[in-house]
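# Secondary and tertiary structure notes
Read off the chains here:
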Amino acid sequence: MAKYKLPKTEELANIDYSTGSTDWLDTTVTTPFKEGTFCWGAKAKNLEVVEFPNPREWSPLDEDWKLPENWKETVIQGIGERLTKYRSFKIMMDICVRCGACADKCHFYIGSGDPKNMPVLRAELLRSVYRKYFTPGGKLLGKFAGARELTEDVIKEWWYYFYQCTECRRCSVFCPYGIDQAEITIIGRELLNLLGLNIHWIAEPVANCYMKGNHLGLEPHAITGNIEMMCDDIEDITGIRVEPTFNRKGAEILFVTPSGDLMGEPGIYTCMGYLMLFHELGLDYTWSTYASEGGNFGFFTSNEMAKRLNAKIYAEAKRLGVKYIIGGECGHMWRVINQYMDTWNGPADFLEVPVSPITGTRFEQAASTKMIHIAEFTADLIKHGKLKLDPSRNDHRIVTWHDSCNTSRGMGLLEEPRYVLKNVCNNFYEMPESTIREKTFCCGSGSGLNASENMEQRMRGGLPRANAVKYVKEKYGVNTLANICAVDRAALPALMNYWVPGVEVAGLHELVANALVMKGEKERTTDLRGNDLPTKGVTADED
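Residues numbered from 1 in each chain as written. Predicted model: local features only at pLDDT ≥ 70, side-chain atom pairs only at ≥ 80, totals over all residues. Heavy atoms only, no water.

A separate point is helix α15 (residues 332-345). Compared with the 20 Å implied by 1.5 Å per residue over 14 residues, the 17 Å span of α15 between its first and last C-alpha is markedly short. For α15, the principal kink sits at Q339 and spans about 55°. Taken together, the buried positions of α15 are occupied by H332, M333, W334, R335, V336, I337, Y340, M341 and W344. (Helix = DSSP H or I, 4+ residues; strand = E, 2+ residues; numbered from the N terminus. Expected span 1.5 Å × (residues − 1). Bend = angle between axes of the 7 residues up to and from the residue. Buried < 20%, exposed > 50% of the residue type's maximum accessible area, 1.4 Å probe, protein only.)

This paragraph deals with helix α18 (residues 415-424). Turning to α18, its buried residues number three or more, namely P417, R418, V420, L421 and V424. Buried residues of α18, seen end-on, are gathered within an arc of 160° and therefore sit on one face of the element. Elements that come into contact with the buried residues of α18 comprise α16 (374-383), β5 (399-401), β6 (480-483) and α22 (508-515). (Arc of directions from axis to C-beta. Contact = heavy atoms within 4.5 Å.)

Turning to the sheet that holds β5, a few remarks are in order. Strand order in the open sheet formed by three strands is β5-β6-β7, with parallel pairing between adjacent strands. Looking at which strands have only one partner, the edges of the open sheet turn out to be β5 and β7 (504-507). Each strand of the sheet is rotated relative to its neighbour by a mean of 35°, with strand direction disregarded. Sitting on the sheet, α22 touches β5, β6 and β7, and the angle it makes with β7 is about 80°. (Pairing = 2+ DSSP bridges. Axes fitted to C-alpha atoms, helices over the stretch in contact; angles between N-to-C directions.)

Considering all chains together, one arrives at 24 aromatic pairs under this definition. Taking the centre distance of 5.1 Å and the plane angle of 85° together, the rings of F255 and W287 count as edge-to-face. Taken together, the residues F255 in strand β1 (residues 253-256) and W287 in the loop between β2 (285-286) and α14 (303-320) connect sequence positions 32 residues apart. Exposure class is identical for F255 and W287. Each is buried. (Phe/Tyr/Trp six-rings, centres within 6.5 Å; stacked < 30°, edge-to-face > 60°.)

On the basis of which strands lie adjacent, the open sheet formed by four strands has the order β2-β1-β3-β4 and parallel pairing. Edge strands, defined here as strands with exactly one partner in the open sheet, are β2 and β4 (371-373). For β1 and strand β3 (residues 324-327), the ladder comprises four bridges, and the chain directions are parallel. Among the inter-strand pairings, L254 is bridged to a residue of β3, identified as I325. Relative to the sheet, α14 contacts β1, β2 and β3, its axis offset from that of β1 by approximately 150°.

Before going further, it helps to spend a moment on a nonpolar patch on the surface. Among the surface-exposed residues, V49, Y210 and M211 lie close enough to one another that they form a single nonpolar patch of about 280 Å² accessible area. On the secondary structure map, Y210 appears in helix α11 (residues 200-212). (Patch = residues over 30% accessible without salt bridge, like charges linked within 9 Å, V, L, I, M, F, W, Y side chains within 5 Å. Areas by Shrake-Rupley, 256 points an atom, 1.4 Å probe, with all protein chains shown as cover. Salt bridge = Lys/Arg side-chain N within 4 Å of Asp/Glu carboxyl O.)

Here we take up the side chain of N310. Examined against the element boundaries, N310 turns out to sit in helix α14. A relative accessible area of 3% means that N310 is categorised as buried. Side-chain polar atoms of N310 contact the side chain of N345, separated by 2.9 Å. If we ignore the near neighbours within four places in the chain, the residues touching N310 are N296, V336, M341, W344 and N345. (Polar contact = N/O pair within 3.5 Å; in protein donor to acceptor, adjacent residues only side chain to side chain.)

Relative to the helices and strands, Y130 resides in helix α6 (residues 119-134). Using a relative accessible area of 2% as the deciding quantity, one classes Y130 as buried. Taking the C-alpha atoms as reference points, Y130 and L83, 47 residues apart in sequence, are found 9.7 Å from one another. Residue contacts for Y130: discarding those within four places in its chain leaves L83, K90, M93, D94 and T135.

Among the structural elements, S112 can be located in helix α5 (residues 107-112). Every residue in contact with S112, bar those within four places of it in the chain, is listed here: I15, D16, N117, Q457 and R460.

Side-chain alternation along β6 places T480 and A482 on one buried face and L481 and N483 on a second face that is also buried. Summarising the sheet, β5 and β6 pair through three bridges and their orientation is parallel. Within β6, the residue paired with T400 across the bridge is L481. Alignment of β6 against β7, held across four bridges, turns out to be parallel. Bridging from a neighbouring strand, T480 pairs with E504 of β7. Handedness of the β-α-β unit built from β6, helix α21 (residues 486-499) and β7 comes out right-handed. (Right-handed = clockwise from strand over helix to strand, strands pointing away.)

Here we take up the confidence of the model for the chain. Summing up the model confidence of the chain, the mean pLDDT is 94 and the portion of residues at 70 or higher is 98%. A low-confidence stretch, residues 537-543 (pLDDT under 50), is modelled with 15 contacts involving residues beyond four sequence positions or located in other chains. (pLDDT = per-residue confidence, 0-100.)

This paragraph deals with the pattern of salt bridges. Per the stated rule, a full pass over the model turns up 36 salt bridges. The salt bridge involving R127 is made with E124; its shortest N-O contact spans 2.9 Å. Of this pair, R127 and E124 are both found in helix α6, three residues apart, which corresponds to roughly one turn of the helix. R127 gets classed as buried once you look at its relative accessible area, which sits at 1%. For E149, the salt bridge identified is with K132, shortest N-O distance 3.5 Å. Of the two residues, E149 is situated in the loop between α7 (136-141) and α8 (152-162) and K132 in helix α6; the sequence distance between them amounts to 17 residues. One network of salt bridges, in which partners are shared, links D403, E415, R418, E430 and R437.

If you want it as structure tokens, here you go:
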């Protein structure tokens, strides 16, 4: 196959929103799919590691997907089991009146013009099969009741579109009934998973996390080695040697962050920020080389797999005897923690409600999970005047803030990161109100879609976010997009390079570390990336 080439921006921005001449029930999407719009199938070896059903080698480009002999019965039975197990699923299958409030809210629909990327229609892909096999009207009237048979082409259509939804939940904000399309996508992916129809970019991280404790498959010596190299860089920049501990029993706090912060730019700069902050505070904390992943790609396969991977965090906290947990900058990590963790693997009665050893603040919102977000922790430090900050060190950056989907819509973390950002940067500008906070647009690559082979679809899905960034770049000269999500830090650089060249991506605690004045530091001449610090008091426009 010839190497796929991403179209030019003017080609991708030319979007056709026409709906076509045939009814959607008569318009199935079959192989071969368009290059650049899908991910490669999961490899058998990765499904076997976690004992997922029907592992085999297959390709989305093939006409024959090698479905198991009883595939149809497996899916119908799977739907029935989930209707019984999840009351919300049954409600969401029945309650939609197809009002269209969600239709133009999905970033993938906005970027592609494909009607089946409208949340209401993507849900109908599954709902139509539900009607056929689980409702009297669908059984009797078939297509007249919006029902359809489950066929191999339907399975392929599910796979194509449920792996275009990033489970960002933006559509649910606008739904008058509160239907959560992300939950429907999760169920759809669970059903596909029963047939071995996962994608490589999810299945491999899941297998890695199950075997090694993190998505990247980093061994303990690789984790400690990477962090020690970051400490070398910190010493070069500040003159201060940071000495973190690993797997230390009796520490007060266990710190868990996504493995994306341990390897690769720009995540490593965020990690350097954690290290510098904790050192400056003299915090009694430890890293773990076992629970070395805050993220949870299991969440993109099934609730049960997410539960299995999440269990290691509490297990390690109990083994080490810590009081509570601080978590780093991650997106879906925090949706899982905030909405599922205590139900799946709690109650964590062996831990204590987090109390900051620096300010004495008791974080009551974490009374159940015993785990707080680093943005909450740092905002509290700044509020109580516990950090010496020089925001002019970030004057070479004109910053806007991307509300990561899961931390904003999944846990309501809206004001704390902004409070921190405003205290460490002098130049901060918000994107338009309709694109931030609860209405924030997704990066276009979440829920396991941050691959390379689906780059066209990622660029289309990220177009609404890119347009908002372009607006503040042109109006205010914004050159930095800050966020608190490891997937965002991995995905947004490509999006910016494509749609809004000249805008860099940074984690919140990279900017905190730039501004942090550490006790005993030498004169700082560069930021964490080695860029010269601006002349004190000179803004980015003047430098």
